[in-house]
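# Fold and contact review
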Amino acid sequence: MAMEADIRTQSELARGEVESYRLAEQVGFVMRVAGQRHTAIFAARMIEGLTPPQFAALAKLREMGPCSQNRLGRLIHLDAATIKGVVDRLSARGFVLAADDPLDRRRRAVGLTERGRAIAESAILVAREIAEATLEPLAATERQQLLGLLRKIA
């Protein structure tokens, strides 16, 4: 009998949790919607048709200088297959040079071309405008707070 009471109590608790669940209050849902808003702003404003991963690669190469393709992927949180595609597309557009690393033929070294550096610098200016548009509804202190909190869970 005690076991049946425990099961009934758990079921009643679970039912209460289900009844009180509101999708619009869930962190994953809100983050996805905010991400979609930012992605739409990015797509509408970014130059040269750059995607967010392509922009990240150019911006990181401008910041860090040449590095291995694998390291670049780690720095911008892309897996090996994805960073290869990003680098291949940027290379085809003349924004980066990718070549076998002379010190380790298993690695590809990646660096910006002159054109890629110019595009990266222009894109960074646009990225600042995109961030401003994304965060526009927030006060300055809220913006810093949001970024700090997101860094904690990233």
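Residues numbered from 1 in each chain as written. Predicted model: local features only at pLDDT ≥ 70, side-chain atom pairs only at ≥ 80, totals over all residues. Heavy atoms only, no water.

## A few points about the environment of A34
- The residue A34 is located in helix α2 (residues 27-45) in this model.
- In the structure, A34 is positioned 89 residues away from A123 in sequence and 22 Å away in space, judged by C-alpha atoms. (Helix = DSSP H or I, 4+ residues; strand = E, 2+ residues; numbered from the N terminus.)

## Quick word on the sheet that holds strand β1 (residues 67-68)
- Ordered in space as β1-β3-β2, the 3 strands form an open sheet in which the pairing is antiparallel. Looking at strand neighbours, the two that pair on one side only are β1 and β2 (96-101), the edges of this open sheet.
- Pairing between β1 and strand β3 (residues 104-112): 2 bridges, direction antiparallel. Across the sheet, the residue bridging to S68 is A109, located in β3. (Pairing = 2+ DSSP bridges.)

## Focus: the side chain of K60
- Summarising the element assignment, K60 is placed in helix α3 (residues 52-64).
- Among residues more than four places away in sequence, those in contact with K60 are G65, L72, L75 and I76. (Contact = heavy atoms within 4.5 Å.)

## Considering the packing of α3 against helix α5 (residues 80-92)
- Where α3 contacts α5, the axes come no closer than 10 Å and their chain directions differ by 75 degrees. When the axis of α3 is compared with that of α5, the two are roughly perpendicular. The segment α3 lies against α5, with P53, Q54, A57 and L58 engaging V86, R89 and L90.
- Residues that form the contact of α3 with α5 fall into these classes: 5 nonpolar, 1 polar and 1 charged. (Axes fitted to C-alpha atoms, helices over the stretch in contact; angles between N-to-C directions. Parallel < 35°, antiparallel > 145°, perpendicular 65-115°, else oblique. Nonpolar A, V, L, I, M, F, W, Y, C, P; charged D, E, K, R; others polar.)

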